[in-house]
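# Commentary on secondary and tertiary structure
If you want the building blocks of each chain, they are given just below.
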Amino acid sequence: MMVETDKLVYGASKKAISKAVDALSLLLGVDVKLRTHEVRVIKPENILEFIGKNFSAVIGVVSKFEGFIGGYLMLMFDMEQAKKLLEIILNHNLNLPFDETSKDFRLDLLREIGNIVAGNLIGEIGNSIKGRLSYTIPEVKPELFPALVDPLCIDLAMKNFQLLFINSILSSEIGELQVGIILLLTINRGTVQRRLNLSIHQK
Amino acid sequence: MVGMAEYRIAHNPVNLSTWALGSCIAIILFDPYKKIGGLAHCMLPEPHGIVDSVGKYVVTAIPEMVKCFKKLGVQEKTLRAAIVGGASVLKMSFTSVSANDTLGGIGLRNIKKAKDVLHSLGIPIDVNETGGNRGRNLLFKPVTGEVLIAYVKKPDWL
């Protein structure tokens, strides 16, 4: 069941993801659309029920964010599609062939994609809920999808807060290119409510 | 297939598997004589408060599996163990519960707790495939006692 503060964060997250989608469209030079957007309040150990029996190997780009709400943002790319994504970005922005780049450069580029998405998305959530959020430099990791999600859930489970799971899938006109965005966040409802009340009072 | 925070006991010819062990730890108990095996996929070393799920915690899952084995006529002294997982897949999720926790990292704490509990029960660990920074898939075959572990291959362009 979603209470008022959850609904507020849900609304903020949808707007924030739209902002991140626009940023990705600019980066790729093609239209990226939000295909699905799902929000649930869940227990961490049940997360696999909601992400489905997806045991594929992916490239995860993960960032931790903190402030008066905290959690994790993960971009998820199919391994082959991630390569295609980099090819498009390199061609569109730098006119640079993929094969002329080093592995470190490609890693940095993925990290930068994560940075751009995190900056837009987390920044927008912070703006909407009138509070500053900071986030870590994204970590890039090729891994089985549940193995990436598992440590995030355990970390959040230990904090004993409500867990909001936001799952968005983006797609573009370039073939079957898809990007998954997963946002896991804990809300201390009292803090969010107090902050909202304070900002209303100051107006 | 054993999911997160679950445990199962199986007889030959049924195999037990679990996927994508990151920080979580899989604990296998095996009776080589009766060919009965148990697998628990645990998330945390111990509960802080109520136990919402026995399979979720190392300290509850292992004794529960031992209890199940006893009901099937297996004696504790014949049991062998394997532990798999407890990786630090992401550097940033390195976390510790208290300032005095010198181990840090939930994966490492899961490994330590599993070893401590098994040692206290006198169950020897035959396979210890733990730690590192990669996720693991696991298949256990009670008929042979084999533990098969697979890792994800990094793409060659990265």
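See the structure printed just above.
This text gives an overview of the structure that appears in the document. Remember, predicted model here, so these are calculated numbers, not experimental data. (Residues numbered from 1 in each chain as written. Chains lettered and ligands numbered in written order. Predicted model: local features only at pLDDT ≥ 70, side-chain atom pairs only at ≥ 80, totals over all residues.)

Before going further, it helps to examine the overall build of chain A. Helices and strands together make up the secondary structure of chain A, namely 6 helices and 7 strands. Counting from the amino terminus, chain A carries its helices and strands in the arrangement α-β-α-β-β-α-α-β-β-α-β-β-α. Taken across its 203 residues, chain A has 41% of its residues classed as buried. Contacts in chain A between residues far apart in sequence, at least 24 positions, make up 75% of those at least 6 positions apart. (Helix = DSSP H or I, 4+ residues; strand = E, 2+ residues; numbered from the N terminus. Buried ≥ 20, exposed ≤ 12 C-beta atoms within 10 Å, placed from the backbone. Contact = placed C-beta atoms within 7 Å.)

To continue, consider the nonpolar core. Counting residues in each nonpolar core, the largest one holds 99 residues, and the members touching the most others are Ile-27, Ile-28 and Cys-42 of chain B. For this core, the element with the most residues is helix H5 (residues 145-158) of chain A, which contributes 8 residues. (Core = buried A, V, L, I, M, F, W, Y, C linked by C-beta atoms within 7 Å.)

Residues and elements named next belong to chain A. Most of strand E2 (residues 57-66) sits out of view: 8 of its 10 residues are buried. Here E2 folds back onto strand E3 (residues 69-78) in antiparallel fashion, the turn holding 2 residues. Inspection of the sheet shows E2 paired to strand E4 (residues 134-135) by 2 bridges, in the antiparallel sense. Across the sheet, Phe-65 pairs through a bridge with Tyr-135, a residue of E4. (Pairing = 2+ DSSP bridges.)

Moving on: the sheet that holds strand E6 (residues 125-130) of chain B. All names here are of chain B. The 5 strands are arranged E1-E4-E3-E5-E6 in an open sheet whose pairing can be described as mixed. On the outer flanks of this sheet lie strand E1 (6-11) and E6, each paired with one strand and no other. Pairs of neighbouring strands in the sheet enclose a mean axial angle of 10°, with direction left out of account. Sheet analysis places strand E5 (residues 80-85) next to E6, joined by 5 bridges and oriented parallel. By the bridge assignment for E6, Val-84 is matched with Glu-129. (Axes fitted to C-alpha atoms, helices over the stretch in contact; angles between N-to-C directions.)

A word on the interface of chain A and chain B. Between chain A and chain B, the contact holds 28 residues from the first and 28 residues from the second. Residue assignment for the side of chain A that touches chain B shows that the elements contributing at least two residues are E2, helix H3 (79-94), helix H4 (103-128), strand E5 (139-144) and H5 of chain A. With 11 residues, H5 of chain A is the single largest residue contributor to the side of chain A that touches chain B. Of the residues in the side of chain A that touches chain B, the class split is 17 nonpolar, 1 polar and 10 charged. (Nonpolar A, V, L, I, M, F, W, Y, C, P; charged D, E, K, R; others polar.)

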